[in-house]
Amino acid sequence: MSQVVTPTATAPVARTPRRDIGLKKRYAAERRFRAYGIAALSFGLIFLFVLLWSVVSKGYTAFQQTGVTLAVEFSEKIIDPQNQRASNPQVLLTANYPVMARNALANALGVAQNDRAKQKELGQMLSDGVRSQLRDMVVADPSIIGTTKTVTLLAAGDIDSAFKGQINLSVPQENRKVSDQQVGWMNKLAEAGALAKHFNTGIFFNGASSRAEASGVGVALIGSFYMMLIVLVLSLPIGVAASIYLEEFAPKNRFTDLIEVNINNLAAVPSIVYGLLGLAVFINFMGLPRSASLVGGFVLTLMTLPTIIIATRAALKAVPPSIRAAALGLGASKMQTIFHHVLPLAMPGILTGTIIGLAHALGETAPLLLIGMVAFVANFPTTPMDPSTALPVQIYMWANEAERAFVERTSGAIIILLLFLIVMNVGAILLRRRFERRW
Amino acid sequence: MNMMTEAAVEKALDQRMNDLSYKMIGKDVSVYYGEKRALFDVNLNVRQNTVTALIGPSGCGKSTFLRTLNRMNDTIDSCRVTGRITLDGDDIYDPAIDVVELRARVGMVFQKPNPFPKSIYENISYGPRIHGLARSKTDMDQIVEASLQRAGLWNEVKDRLQESGTGLSGGQQQRLCIARAIAVSPEVILMDEPCSALDPIATAKVEELIHELRSNYTIVIVTHSMQQAARVSQRTAMFHLGQLVEENDTDKMFTNPDDQRTQDYIMGRFG
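All of these numbers come straight from a predicted model, not from anything done at the bench.

1. Brief notes about a nonpolar patch on the surface
On the surface, a nonpolar cluster with roughly 570 Å² of combined accessible area is contributed by A:Leu41, A:Leu45, A:Leu48, A:Phe49, A:Leu51 and A:Leu52. Mapped onto the elements, A:Leu51 comes out in helix α2 (residues 23–59).

2. Section: the interface of chain A and chain B
Counting from both sides, the interface comprises 19 residues of chain A and, opposite them, 23 residues of chain B. Around 1700 Å² of area is buried between chain A and chain B when both sides are counted, 65% of it from carbon and sulfur atoms. Connecting chain A to chain B are zero salt bridges. Linking chain A to chain B there are five residue pairs in polar contact (both at pLDDT 80 or more). Of all the elements in the fold, those that place two or more residues in the side of chain A that touches chain B are α15 (321–329) and α16 (334–362) of chain A.

3. Observations concerning the domain arrangement of chain A
Residues and elements named next belong to chain A. Segmentation of chain A into domains returns domain 1 (63–200) and domain 2 (218–435). Inter-centroid distance (C-alpha atoms) of domain 1 to domain 2 is 45 Å. In this assembly, 10 residues from domain 1 lie in contact with eight residues from domain 2. Of the roughly 640 Å² buried between domain 1 and domain 2 on both sides combined, carbon and sulfur atoms contribute 45%. The three residues of domain 1 that bury the most area against domain 2 are Phe 63, Ser 161 and Gln 166, which together make up 58% of that side's buried surface. Across the contact surface, domain 1 and domain 2 share one salt bridge. In this structure, Glu 408 and Lys 164 form a salt bridge, with 2.7 Å as the shortest nitrogen-oxygen distance. Top contributing element to the side of domain 1 that touches domain 2 by residue count: helix α8 (residues 157–163), with four residues.

4. Overview of the pattern of salt bridges
Residues and elements named next belong to chain B. Under the criterion given, the structure shown has 24 salt bridges over all chains. Here Lys 27 makes a salt bridge to Asp 28, at a shortest N to O gap of 3.6 Å. Judged by its relative accessible area of 32%, Asp 28 is partly exposed. Residues Asp 259 and Arg 261 are paired through a salt bridge, measuring 3.4 Å at the closest nitrogen-oxygen approach. Given the relative accessible area of 19%, Asp 259 is considered buried. Classification of Arg 261 by relative accessible area gives partly exposed; the value is 35%. Each of the salt bridges in this network shares a partner with another, and the network as a whole consists of Lys 23, Asp 88, Arg 105 and Glu 187.

5. Thoughts on the packing of helix α6 (residues 116–125) of chain A against helix α9 (residues 180–192) of chain A
All names here are of chain A. Axis separation between α6 and α9 bottoms out at 10 Å; the angle between their running directions is 60 degrees. One element, α6, and the other, α9, form an angle in the oblique class. For the crossing formed where α6 meets α9, the hand is right-handed. Of the residues in α9, those touching α6 at Lys 118, Glu 121, Leu 122, Gln 124 and Met 125 are Gln 181, Gln 182, Trp 185 and Met 186. Split by residue class, the contact of α6 with α9 holds four nonpolar, three polar and two charged.

6. Some details on the pairing of strand β6 (residues 106–109) of chain B
Residue and element names in this part refer to chain B. Of the two faces of β6, the one carrying Val 106 and Met 108 and the one carrying Gly 107 and Val 109 are both buried. As defined by bridge partners, β6 adjoins strand β7 (residues 188–192) across four bridges and the pair is classed as parallel. Paired with Gly 107 across the strands is Ile 189, a residue of β7.

7. As for the sheet that holds strand β1 (residues 64–73) of chain A
Residue and element names in this part refer to chain A. The antiparallel open sheet is built from three strands, whose spatial order is β2-β1-β3. Here the strands that pair on one side only, and so sit at the sheet edges, are β2 (148–154) and β3 (195–199). With strand direction ignored, the average angle separating the axes of adjacent strands in the sheet is 40 degrees.

8. What to know about the packing of aromatic side chains
The final tally for this structure, using the stated rule, is 10 aromatic pairs over all chains. Measuring from centroid to centroid gives 5.7 Å for B:Phe65 and B:Phe239, while their planes differ by 40 degrees, and the two rings are tilted. Here B:Phe239 lies in strand β9 (residues 235–240) and B:Phe65 lies in helix α2 (residues 62–68), a separation of 174 residues in the sequence. Taking the relative accessible area as the measure of exposure, B:Phe65 reaches 0% and is therefore buried. Ring centres of B:Phe116 and B:Tyr126 lie 5.5 Å apart, and the angle between their planes is 75 degrees; this geometry places the pair in the edge-to-face category. Of this pair, B:Phe116 sits in the loop between β6 and α4 (120–130) while B:Tyr126 is found in helix α4, placing the two residues 10 residues apart along the sequence. The class of B:Phe116 is buried, set by a relative accessible area of 1%. Members of the aromatic cluster, each reached through a chain of ring pairs, are A:Phe63, A:Phe199, A:Phe204 and A:Phe205. Sitting above the plane of the B:Tyr32 ring, B:Arg80 keeps its charged end 4.4 Å from the centroid. One residue, B:Arg180, lies across the ring of B:Phe116, its end atom 4.6 Å from the ring centre.

9. As for the layout of surface pockets
Over the atoms rolls a probe the size of a water molecule, and its path tells where empty space is left. If you add up the space inside the largest pocket, you get close to 740 Å³. What lines the largest pocket is a set of 26 residues, among which A:Glu248, A:Arg324, A:Leu328, A:Lys334 and B:Thr75 lie closest to the centre. Looking at the lining of the largest pocket, the elements with two or more residues in it are α11 (218–249), α15 and α16 of chain A together with α3 (99–105) of chain B. Broken down by element, the residue count for the lining of the largest pocket peaks at five residues, all from α15(A). Each residue belonging to the lining of the largest pocket can be placed in one class, and the counts come to 12 nonpolar, four polar and 10 charged. In this structure, the second largest pocket encloses a volume near 490 Å³.

Thresholds, definitions, all that
- Along each chain, residue indices are assigned from 1 in the same order as the chain's sequence is written.
- Chain letters start at A and ligand numbers start at 1, both assigned in the order the entries are written.
- Residues qualify for local features only when their pLDDT is at least 70, as the model is predicted, and side-chain atom pairs are given and counted only at 80 or more; totals for whole chains, interfaces and linings, by contrast, use all residues.
- Computation of side-chain values covers all heavy atoms of the structure but excludes hydrogens and water.
- Residues enter patches when their relative accessible area tops 30% and they take part in no salt bridge; the joining distance is 9 Å for like charges and 5 Å for the nonpolar side chains Val, Leu, Ile, Met, Phe, Trp and Tyr.
- The accessible surface values rely on the Shrake-Rupley method and a 1.4 Å probe; as for residues, cover is taken only from the protein chains in view.
- Salt bridges are defined by distance alone: a side-chain nitrogen of Lys or Arg within 4 Å of a carboxyl oxygen of Asp or Glu.
- A run of DSSP states H or I qualifies as a helix once it reaches four residues; a run of E qualifies as a strand once it reaches two. Both are numbered from the N-terminal end.
- Residues are treated as being in contact if the distance between any of their heavy atoms lies within 4.5 Å.
- When two parts are put together, the accessible area they lose, computed with a 1.4 Å probe and summed over both, is reported as buried area.
- Residues adjacent in sequence count toward polar contacts only when both atoms are side-chain atoms; beyond that, a polar contact is any pair of N or O atoms within 3.5 Å, and within protein one must be able to donate a hydrogen and the other to accept it.
- Residue ranges for the domains originate in an automatic or database domain assignment.
- Exposure is judged per residue with a 1.4 Å probe applied to protein chains only, and the accessible area is read against the type maximum: over 50% gives exposed, under 20% gives buried, and values in between give partly exposed.
- Throughout, an axis means a line fitted to C-alpha atoms (over the contacting stretch in the case of helices), and angles, computed between N-to-C directions, take values from 0 to 180 degrees.
- An angle below 35 degrees is read as roughly parallel, one above 145 as roughly antiparallel, one from 65 to 115 as roughly perpendicular, and any other as oblique.
- Left-handed is the label given to a crossing in which the near helix is rotated counterclockwise from the far helix by less than a right angle, and right-handed is the label when the rotation is clockwise.
- Following the grouping adopted for this structure description, the nonpolar residues are Ala, Val, Leu, Ile, Met, Phe, Trp, Tyr, Cys and Pro, the charged ones are Asp, Glu, Lys and Arg, and the polar ones are all others, Gly among them.
- Strands are labelled as partners when DSSP assigns at least two bridges between them.
- Only centres within 6.5 Å qualify two rings of Phe, Tyr or Trp (six-membered ring in Trp) as a pair; their planes then separate them into stacked at under 30 degrees, edge-to-face at over 60, and tilted for everything else.
- Only when the NZ of Lys or the CZ of Arg is both within 6 Å of the ring centre and within 35 degrees of the ring normal is a charge said to sit over the ring.
- A pocket here means an open set of points on a 1 Å grid, computed over the protein atoms alone, that has protein on both sides within 12 Å along at least five of seven lines. A cavity is instead a set of points where a 1.4 Å probe fits but cannot get out; residues with an atom within 4 Å of a point line either one.
- Grid points are joined across faces, edges and corners, and a volume is the space filled by probe spheres set on the points.

Structure, rendered in structure tokens:
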């Protein structure tokens, strides 16, 4: 009896196959999903690296500029042959400075003054920017006339490109912008140490110029700065006030529903439409000046507002209702509840939304084209009413230029723009950390 | 004849409303959430310096009634209250009554501890600050210390007043919320299941605290725990399906209730 019970009665009970609940399939699905995630992430990262690599590899040379250090004789014969500068200061402004620079170059290379063909080629090696460079020196201190000074002059854009190795010298001479003669001189000067690459401060401070070597994003930086300031000053208070009203005070009815739907739609409106709106309202109707960063700031404010309102409302909604109840239960008024408790807790979200909106506005080009900010502006704007450009517009304009030296500048300007965006995002993270409270 | 009795009832009611032993009086209180009626003509009086417990199964309207006492239902858009509720004889739904002032007089402690994500000191000082109760920093320090003392929390937190109130344990947080409520010197404290998120030891501390607070405050407490109602309250009101079933002395309520439904609920036959 017992030998029957033990093996047959207990063993089958213990070894009953467990119900199949599809564990294998579930885990396989999870593994597949993870693989998709990693694949998507890698895909994105690869594109990011390709983008950054292409921009940086093309653009890093823009931060170096070739200069020629020469002993320039500030000859009175060239600057002021009739010695009128005491009575007519205009003379100093109109003098033929490029000749002075060319002579200095000829001296350094031992080229005869009367060899006109060679002199012309020599002249092409220096930037036209030397005119203003030398003129500014003389105007600032007329006593240097008659002396010889060592000055570092900008090399012409093509020489700069050739020196950086960006021009293919195996192409026949007629088909490239630098002649063999110029390349020979360039190498000779380089060996002597006169021709060298320096850090390019000009790209940050110079205004627009048709000569690549003398152009920079200075005006665009000022324009972008003014616009960011205007966007921040207008859209943050307006956006936050609008969201607080809509979220906390406004009655929930059809009208506010309609407003909400419209705000969400406005966030998706193509930015160029805002440009058209700005053109029609701010320039044609209100008569504000074209190309002004004030108008640009207004247009970008309109564009940024929906983003800020949506982010702020989401941040306000995310504040736990128990905090509101606690404050109201203590006898705080609605306004006190919002400003003392809800708003500080929503601050990190609001700031993040604002900075994302600002970064979006900083990179926006299309609406600015329509309000005339795509302009050749060489003078620095002193007020937001003065004509200026913006960083992305400057990139757009440089990208349209054919010269090799502008190609690297385009990428250089993109790097500057990206740096600003990185700074803004880091700022957003730091601010968020600062304001974040845990509960 | 009928008119006479109506007038007599009205007169009796007025007299009762002026009776200072009743701190708050609710007469024919009904609450609607949109179309749904949550309370049906509740007549309930809250006695001075007494702990009144509101019991009943979930969804019976006891929390709703509690929240009508300091008009916290105002924050819900669809909510509508009819009937009369008085505090010391003044109708609290009268347009002349300011809801901010009412809530300063009728404080509230919530189900889940909800300290502000600020320091312990700021948690307590917030109420007195917005109501201008302290003239100086020393005044404020005194209020904070006294409130924490009364809530039995002072010895635990006196060395870390500047630390975040959210860093305390659950029971300490709830006592912080009680301290915060008494810092504005209310006359009535409403407690909405104050111990439901706490462990038995923290619960015991809060119950002890409620017991001590009774000498200075009128307390209305909603609870799901029969034992708690029996331990802390002197009067108990039983709600069921939005109606007040019975209101009685707690001792009588738990030994010999008048209503069969109360008996069944207390015995655990439903709810």
